[in-house]
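# Topology and contacts: notes
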Amino acid sequence: MYVRVGGSAVDDGFGSAEDEDAERLEAGAALPWRDSLGGGVTERVRAARALLDRPLTSYYLILGITTLLLCLGLMMVLSTASVNDLSAGESPYHDFEWQVVGIVVGLPIMWLMARSSPRVFRAMAYPLLAVSVIGLGLTLIPGVAVKHNDVARWIAIGPITFQPSELAKLALAVWGADLLARKEKLGMLVDWRHLLVPLMPGAGVLAMLVMAGDDLGTTSILLIILLALLWIAGIPTRVFTALLILMGLVLVLLIVARGYGSSRITDFLNPSSTDLTTANWQPTQGKYALGSGGLFGVGLGASKEQWGWLPESSSDFIFAIIGEELGLVGTLCVTALYGGLAWAGLRVARRAPDTFSRLAAAAITAWIVMQAVVNIGAVIGVFPITGVPLPLVSQGLSSVLVTMIGLGMLMSFARREPGASQALAARGPGAGSRALSWLGRGTQRGLR
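Definitions and cut-offs
- Residues numbered from 1 in each chain as written.
- Predicted model: local features only at pLDDT ≥ 70, side-chain atom pairs only at ≥ 80, totals over all residues.
- Heavy atoms only, no water.
- Phe/Tyr/Trp six-rings, centres within 6.5 Å; stacked < 30°, edge-to-face > 60°.
- Helix = DSSP H or I, 4+ residues; strand = E, 2+ residues; numbered from the N terminus.
- Buried < 20%, exposed > 50% of the residue type's maximum accessible area, 1.4 Å probe, protein only.
- Lys NZ or Arg CZ within 6 Å of the ring centre and 35° of its normal.
- Pairing = 2+ DSSP bridges.
- 1 Å grid on protein atoms, 1.4 Å probe; cavity = no way out; pocket = protein on both sides within 12 Å on 5 of 7 lines; lining within 4 Å.
- Points joined across faces, edges and corners; volume = space filled by probe spheres on them.
- Nonpolar A, V, L, I, M, F, W, Y, C, P; charged D, E, K, R; others polar.
- Axes fitted to C-alpha atoms, helices over the stretch in contact; angles between N-to-C directions.
- Core = buried A, V, L, I, M, F, W, Y, C linked by side-chain atoms within 4.5 Å.
- Contact = heavy atoms within 4.5 Å.
- pLDDT = per-residue confidence, 0-100.
- Patch = residues over 30% accessible without salt bridge, like charges linked within 9 Å, V, L, I, M, F, W, Y side chains within 5 Å.
- Areas by Shrake-Rupley, 256 points an atom, 1.4 Å probe, with all protein chains shown as cover.
- Salt bridge = Lys/Arg side-chain N within 4 Å of Asp/Glu carboxyl O.
- Expected span 1.5 Å × (residues − 1).
- Bend = angle between axes of the 7 residues up to and from the residue.

## Re the packing of aromatic side chains
Scanning all chains against the criterion turns up six aromatic pairs. Ring geometry for Tyr126 versus Trp175: centroids 6.4 Å apart, planes at 85°, classification edge-to-face. Here Tyr126 is found in helix 5 (residues 118–138), whereas its partner Trp175 is found in helix 6 (residues 164–185), with 49 residues between them in sequence. Here Trp175 falls in the buried class, since its relative accessible area comes to 5%. An aromatic cluster is built from Phe121, Phe356 and Phe413, whose rings are joined through pairwise contacts. Positioned over the ring face of Tyr59 is Arg415, at 5.5 Å from the centre of the ring.

## Concerning the pairing of strand 3 (residues 145–148)
Residues in a regular strand point their side chains to alternate faces of the sheet. Pairing of strand 3 with strand 4 (residues 151–157), which is carried by four bridges, proceeds in the antiparallel orientation. Residue Lys147 lies in a different strand from strand 4, and its bridge partner there is Ala152. With antiparallel pairing between neighbouring strands as the criterion, strand 3 and strand 4 make up a hairpin whose turn holds two residues, including Asn149 at a positive phi of roughly 55°.

## What to know about empty space enclosed by the protein
Any empty space left between atoms is shown by rolling a water-sized probe over those atoms. In this structure the tally under the stated criterion is two cavities of 30 Å³ or more. In this structure, the largest cavity is lined by Leu136, Thr139, Ala152, Arg153, Gln163, Pro164, Ser165, Leu209, Val210, Gly213 and Asp215. Sorting the residues of the lining of the largest cavity by element identifies strand 4, helix 6 and helix 8 (199–212) as the ones contributing at least two each. Among the residues making up the lining of the largest cavity, the classes are represented as five nonpolar, four polar and two charged. Roughly 30 Å³ of volume is contained in the second largest cavity. Every residue lining the second largest cavity is listed: Asp316, Phe317, Asn375, Ala378, Ile385, Thr386, Gly387 and Val388. For the lining of the second largest cavity, a count of residues per class yields four nonpolar, three polar and one charged.

## Observations regarding the side chain of Ser398
Mapped onto the secondary structure, Ser398 falls in helix 15 (residues 397–414). Judged by relative accessible area, which is 5%, Ser398 ranks as buried.

## Concerning the sheet that holds strand 3
Spatially, the three strands line up as an open sheet ordered 3-4-5, and their pairing is antiparallel. Taken across any chain shown, the strands that pair with only one partner, and hence form the sheet edges, are strand 3 and strand 5 (160–162). The mean inter-strand angle of the sheet, taken between neighbouring strand axes irrespective of direction, is 50°.

## Focus on the pairing of strand 4
Where strand 4 lies against strand 5, three bridges are found, and the strand directions are antiparallel. For Ile155, the partnering residue across the bridge sits in strand 5 and is Phe162. As consecutive antiparallel partners, strand 4 and strand 5 are separated by two residues, and within that stretch Gly158 has a phi angle of approximately 65°, a positive value.

## A few points about the nonpolar core
Ranked by internal contacts, the top residues of the largest apolar core, which has 106 residues, are Leu170, Leu199, Met409 and Phe413. For this core, the element with the highest residue contribution is helix 14 (residues 355–380), accounting for 14 residues. Setting aside chain neighbours within four positions, we find Leu170 in contact with Leu128, Trp367, Val402, Ile405, Gly406 and Met409.

## A look at the confidence of the model for the protein chain
The pLDDT averaged across the protein chain works out to 85; a share of 81% of its residues lies at or above 70. pLDDT under 50 marks residues 1–14. Its contacts with residues more than four places away, or in other chains, come to 17 contacts.

## Some words on a nonpolar patch on the surface
A surface patch of nonpolar side chains, amounting to about 380 Å² of accessible area, comprises Trp98, Val101, Val105, Ile157 and Ile160. The greatest single-element share of the nonpolar patch, amounting to three residues, is contributed by helix 4 (residues 94–114). Within the element layout of this structure, Ile157 appears in strand 4.

## Points about the environment of Ile155
Structurally, Ile155 can be placed in strand 4. Here Ile155 falls in the buried class, since its relative accessible area comes to 11%. It is 9.8 Å that separates the C-alpha atoms of Ile155 and Gly143, two residues lying twelve residues apart in sequence. Setting aside chain neighbours within four positions, we find Ile155 in contact with Gly135, Leu138, Thr139, Val144, Val146, Ile160, Thr161, Phe162 and Pro164.

## What about helix 5?
Count 3.6 residues to each turn of an α-helix, and residues three or four apart come out pointing the same way. With 21 residues, helix 5 ought to run about 30 Å at 1.5 Å a step, and its terminal C-alpha atoms sit 30 Å apart, in line with that. Along helix 5, the sharpest change in direction is near 35° and occurs at Ala125; proline Pro127 comes one to four residues later. Among the residues of helix 5, those classed as buried are Pro118, Phe121, Ala125, Leu128, Leu129, Ser132, Gly135 and Leu136.

## A closer look at the packing of helix 5 against helix 15
Their axes nearest at 10 Å, the elements helix 5 and helix 15 cross at an angle of 140°. Between helix 5 and helix 15, the contacting residues are Pro118, Phe121 and Met124 on the first element and Met409, Ser412 and Phe413 on the second. Its residues placed into classes, the contact of helix 5 with helix 15 shows five nonpolar, one polar and no charged.

## Observations regarding the environment of Asp178
Position of Asp178 relative to the elements: it lies in helix 6. C-alpha of Asp178 to C-alpha of Ala360: the two residues are 182 residues apart in sequence and 8.0 Å apart in space. Filtering out sequence-adjacent residues up to four positions away, Asp178 remains in contact with Arg122, Ala125, Tyr126 and Phe356.

Below, the structure written as structure tokens:
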């Protein structure tokens, strides 16, 4: 503020607004790095958004995350399963070799699924459902089913034991998507009752067969797939809420009637006991493993909990060993990978050009991501122990093989996003096509 005295201006020590603005402009001119820094950050944000908006972003994200999780799973199975193998008098690489076999078999199937048309998947819907029902029925026959930990959930196919409940997840996702897509084409989904029949009875048959094998965890995943299909199909909110309440009551009644998991739930609500004879021993040791890992972990293969202290350390509780050996950073990276898979899968569902692809992509994404959430939640103590594996990471040939097939389907949907076919054409032939062309050229030379 200025006071004019005798035609001259005298500064009173406060200054005017115009002078303050001028000082700011001079300061900005003296520090040009401010504009350059802000402009650089803005350009980077724009570049990141442009990269995420590309047509093949979802495809490459799913492919990259799948590869990383498979590599992590092999590494952790080698670290944890060798202890159990040695205790059983087998080679320390026995379970690791079977995990490699599952991935080696699954890779060409996943590659084939990624390049197949959704019409092929729709043709597979009813055969997958039939095979799942037959397989689940076989697990109820004494002498046919293979037991592990006093539960019969596997069937033997030669030297391989397969778990039909894993295939039931994929079957429900594909069959439910095909069923609802057909009904939408006929204009039947305007009535919410057509959303439930026959989808809900079919899902109920699968769930009851799985529950007959005392597998509450897989039953909950089947219900999640059903709810994802209904939500994406546009079921009214009041009906969806009523279904949630009904499913919760049915699960509670089954637990009380059969006694399955009642001790686990009781001990979950009262986690003070650490006795070896209670169900709290496993979650308690899992928390010890997570806590002892610190920020960066004790190192690969250096886990102490895997030496008989933590049951199912290579399957249901492998996330606890990840926390012990790789630390908080490792667990956060694994969680971020599943978060990225959720984002990519939902992006595929949102951009899918047809109803079947949208429903199937959403159901497969919900199945894999929510199974990871349930597994991680049980390890950290948020949920009761349900016995579901960590997708692509836990030991289990059936789980890793079926999950890879589902992700191959998801990649097929991603390749059909708007603009994806043009981007693939501009990219040129892939490595597989080039290898086949080189093989053909070599064969032609040999014939000459």
